[in-house]
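As a plain string of letters, each chain reads:
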Amino acid sequence: MIVLKNLTKKFDQFTAVDSVNMTIETGEFFGLLGLNGAGKTTTIGMLSTLLLPTQGEIFIDGELLTRKRTDLKQKISVITQEYSMRQDMNMDEIMEYQGRLYYMPKKEIRKRSEELLEFCGLINDRRKTVRKLSGGMKRKLMVCRALLTNPEILLLDEPTAGMDAVSRRQMWNLLKQLNGKNLTILLTTHYMEEAEHLCARVAMMNHGKIEKISAPQDFIDELGRFAVDETEEGKAATYYFHIKEEALKFAAQINGSFKLRDTTLEDAFVERAKKDEIR
């Protein structure tokens, strides 16, 4: 279990994360959503101990997380937005280098590498250097590297950024399988479809604060499960309804073109962002 208590991070006079209180259950797939600058990556940075909180505390399984608690830090692995791997190394070399950083026995490194590369569908390309890998393969290799030490918590900062649609879906399936093995996953993403598909709960973050934490479907139900997209004279607007019959009745009165569809988490996110701009 991860517990954040009044977690705050300031950079000079700027408050990036502002008194965040949040609990992530063991084995949960949890999403942290927000616009650019909301404080998501800074929160990940503090959870990984790369950044130190200005105020507040982080607890892992009831114990205070600090840079000196190597036992707690070993429970956590991070996958960043950037590709942080030597371009001239092949997959086996990347995995061996990571294992040596954690003083893993050579036999264990080889055994775990074999299992993880097989699990991620990379085993046949293990001799390729990083520079010859596709974007999706690089992301999968980063997952393998992060899992080498058998972490209990995986922090993912926009793990599918820049991936094509097929590779992204492959990554989703991989992450769901990992979560099915009781791995706790914290995900930040700008792809709302990704969060809706993967996460049991999501937190909406804005200007460093947590506005609401709930299941993706709860945000959708709050807005209205049915959406009508109207296009008239080059202008587009979307209207939301809790009852399908009401949506159909509204659509029947539209003179221009329209589309009736299910509301998505992205709709809920965009509408909340609009309200924040008005405030």
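Keep in mind the model is a prediction, meaning the values are calculated, not measured. (Residues numbered from 1 in each chain as written. Predicted model: local features only at pLDDT ≥ 70, side-chain atom pairs only at ≥ 80, totals over all residues. Heavy atoms only, no water.)

Student: I'd like a description of the overall build of the protein, backed by residues and values.
Tutor: Of regular secondary structure, the protein possesses 10 helices and 13 strands. Expressed as a percentage of the 279 residues in the protein, the buried residues total 48%. Looking at the protein alone, contacts between residues at least 24 apart form 65% of all its contacts between residues at least 6 apart. Approximately 14,800 Å² of the protein is accessible, and the part contributed by carbon and sulfur atoms is 49%. Of the side-chain charges in the protein, 42 are positive and 41 negative, and the distance between the mean point of each set is 7 Å. (Helix = DSSP H or I, 4+ residues; strand = E, 2+ residues; numbered from the N terminus. Buried < 20%, exposed > 50% of the residue type's maximum accessible area, 1.4 Å probe, protein only. Contact = heavy atoms within 4.5 Å. Areas by Shrake-Rupley, 256 points an atom, 1.4 Å probe, with all protein chains shown as cover. Lys, Arg positive; Asp, Glu negative; His and termini not counted. Charge placed at Lys NZ, Arg CZ, Asp CG, Glu CD.)

Student: Describe the sheet that holds strand S13 (residues 257-262), and please don't skip the residues or the numbers.
Tutor: Ordered by their spatial adjacency, three strands build an open sheet running S12-S11-S13, and the pairing between neighbours is antiparallel. The strands lining the two open edges of the sheet, one partner per strand, are strand S12 (235-241) and S13. Each neighbouring strand pair of the sheet contributes to a mean axis angle of 20°, computed without reference to strand direction. With seven bridges joining them, strand S11 (residues 226-232) and S12 adopt antiparallel strand pairing. Of the residues in S12, the one forming a bridge with glutamate 230 is alanine 237. Strands S11, S12 and S13 of the sheet are contacted by helix H9 (residues 244-252), whose axis makes an angle of about 10° with S11. (Pairing = 2+ DSSP bridges. Axes fitted to C-alpha atoms, helices over the stretch in contact; angles between N-to-C directions.)

Student: Give a detailed account of the pairing of S11, specifying residues and quantitative values.
Tutor: Most of S11 sits inside the fold, with five of its seven residues counted as buried. Between S11 and the antiparallel strand that follows it, S12, lie two residues; glutamate 233 among them carries a positive phi value of about 55°. Relative to S13, S11 runs antiparallel, the two sharing six bridges. Its bridge partner being in S13, phenylalanine 226 is matched across the sheet by aspartate 262.

Student: Before we move on, could you go through the pattern of salt bridges and cite the residues and values that matter?
Tutor: Enumeration according to the criterion identifies 20 salt bridges in this entry. In this structure, the salt-bridge partner of lysine 128 is aspartate 125, at a minimum N-O distance of 3.0 Å. (Salt bridge = Lys/Arg side-chain N within 4 Å of Asp/Glu carboxyl O.)

Student: Before we move on, can you summarise helix H6 (residues 165-180) with the specific residues and values?
Tutor: Look at H6: 23 Å from first C-alpha to last across 16 residues, which is about the 22 Å you get at 1.5 Å a residue. Every buried residue of H6 is listed here: Ser167, Arg168, Met171, Trp172, Leu174, Leu175, Leu178 and Asn179. Residues of H6 that are buried make contact with strand S3 (29-33), helix H4 (106-119), helix H5 (135-147), strand S7 (153-157), strand S8 (184-188) and helix H7 (192-198). Its side-chain oxygen placed 3.1 Å from the backbone nitrogen of valine 166, aspartate 164 serves as the N-cap of H6. Downstream of H6 by one or two residues, asparagine 182 has phi in the positive range, about 75°. (Expected span 1.5 Å × (residues − 1). Polar contact = N/O pair within 3.5 Å; in protein donor to acceptor, adjacent residues only side chain to side chain.)

Student: Outline the packing of aromatic side chains, supporting the account with residue identities and numerical values.
Tutor: All told, the structure shown has two aromatic pairs when counted by the stated rule. For the ring pair tyrosine 239 and phenylalanine 250, a centre distance of 4.8 Å and an interplane angle of 50° mean the geometry is tilted. Of this pair, tyrosine 239 sits in strand S12 while phenylalanine 250 sits in helix H9, and the two are 11 residues apart along the sequence. Each ring, one from phenylalanine 241 and one from phenylalanine 250, has its centre 5.3 Å from the other, and the planes form 45°; the classification is tilted. Judged by relative accessible area, phenylalanine 250 falls into the partly exposed class, the value being 25%. A connected cluster of aromatic rings, assembled from ring pairs, spans Tyr239, Phe241 and Phe250. The ring of phenylalanine 11 is capped by lysine 9, whose NZ or CZ atom sits 5.3 Å from the centre of that ring. Across the ring face of phenylalanine 219, the terminal group of lysine 212 is positioned such that the distance to the ring centre comes to 5.2 Å. (Phe/Tyr/Trp six-rings, centres within 6.5 Å; stacked < 30°, edge-to-face > 60°. Lys NZ or Arg CZ within 6 Å of the ring centre and 35° of its normal.)

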